[in-house]
Amino acid sequence: MSGLKAISPTSLAAPLRRYSTAIEVPAGARYLFVSGQVGLDQDGNVPESAEAQAEICFEKIRVILAEAGMNFADIVRLSAFVTDREYREDYMRVRDKYVSDPPPTSTLFVITGFSRPLLKMEIECVAAKVDA
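Quick summary incoming for the structure in this document. (Residues numbered from 1 in each chain as written. Predicted model: local features only at pLDDT ≥ 70, side-chain atom pairs only at ≥ 80, totals over all residues. Heavy atoms only, no water.)

Looking at helix 2 (residues 88-98)
Here is step 1: All buried positions along helix 2 are accounted for by Asp90, Tyr91, Met92, Val94, Arg95 and Tyr98.
Here is step 2: Elements in contact with the buried residues of helix 2: helix 1 (50-67), strand 4 (75-82), strand 5 (105-110) and strand 6 (121-129). (Buried < 20%, exposed > 50% of the residue type's maximum accessible area, 1.4 Å probe, protein only. Helix = DSSP H or I, 4+ residues; strand = E, 2+ residues; numbered from the N terminus. Contact = heavy atoms within 4.5 Å.)

Here's what the structure looks like:
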């Protein structure tokens, strides 16, 4: 845990899914901004299923976080873009396997498409960590 604090005002309705309304990042934290990752594997292949594409996205994010000395517990913000509402549940099922508590803030967008028609989603994030 990197000292992140979930903010959930009781005067607001609870989040619709497993995400935090807000995350407070402690002073002195370093930030990592991760560009959108797509379901394109290392060999340039794109699996057909949205769930498999989500797995690839999150595994890429895992590798990037590790390179920066971070992990999923350090993510404060997730943004995901899917090309069809039917992919929402696949994305959320995979996301919930990877995110830690408190869960990050999160927004899911339904968009018309990506530059490669086979791509069904793209996931980006912001992480923050105070080094001991």
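That was the structure; now back to the text.
Remarks on the state of the cysteines
Here is step 1: The final tally for this structure, using the stated rule, is 0 disulfides.
Here is step 2: The cysteine Cys125 is free of any disulfide, with Cys57 supplying the nearest cysteine sulfur at 11 Å. (Disulfide = S-S within 2.5 Å.)

Comments concerning the environment of Cys57
Here is step 1: Positionally, Cys57 belongs in helix 1.
Here is step 2: The residues contacting Cys57, other than those within four sequence positions of it, are Gln37, Val38, Gly39, Met121 and Ile123.

Overview of the sheet that holds strand 4
Here is step 1: Strands sit in the order 3-6-4-5 across an open sheet of 4 strands; the sheet is mixed. The open sheet has two edge strands, strand 3 (30-38) and strand 5, and neither has a second partner. Looking at each pair of strands side by side, their axes are set apart by 10 degrees on average, direction ignored.
Here is step 2: By the bridge criterion, 7 bridges tie strand 3 to strand 6 in an arrangement that is antiparallel. Pairing of Val38 across the sheet is with Glu122, part of strand 6.
Here is step 3: Strands in contact with helix 1 are strand 3, strand 4 and strand 6; relative to strand 3, the strand with the most contacts, it is inclined by about 150 degrees.
Here is step 4: Taken strand by strand, helix 2 contacts strand 4, strand 5 and strand 6, and its axis lies near 155 degrees from that of strand 5. (Pairing = 2+ DSSP bridges. Axes fitted to C-alpha atoms, helices over the stretch in contact; angles between N-to-C directions.)

Remarks on the packing of aromatic side chains
Here is step 1: Evaluation of the coordinates by the stated rule reveals 6 aromatic pairs.
Here is step 2: Between Phe58 and Tyr91, the ring centres sit 6.1 Å apart and the planes meet at 25 degrees, which makes this aromatic pair stacked. Of this pair, Phe58 sits in helix 1 while Tyr91 sits in helix 2, and the two are 33 residues apart along the sequence.
Here is step 3: Here Phe58 and Tyr98 contribute two aromatic rings whose centre-to-centre distance is 5.2 Å and whose plane-to-plane angle is 15 degrees, an arrangement assigned as stacked. In this pair, Phe58 is assigned in helix 1 and Tyr98 in helix 2, connecting sequence segments 40 residues apart. Each of the two residues, Phe58 as well as Tyr98, counts as buried.
Here is step 4: A connected cluster of aromatic rings, assembled from ring pairs, spans Phe58, Phe72, Tyr91 and Tyr98. (Phe/Tyr/Trp six-rings, centres within 6.5 Å; stacked < 30°, edge-to-face > 60°.)

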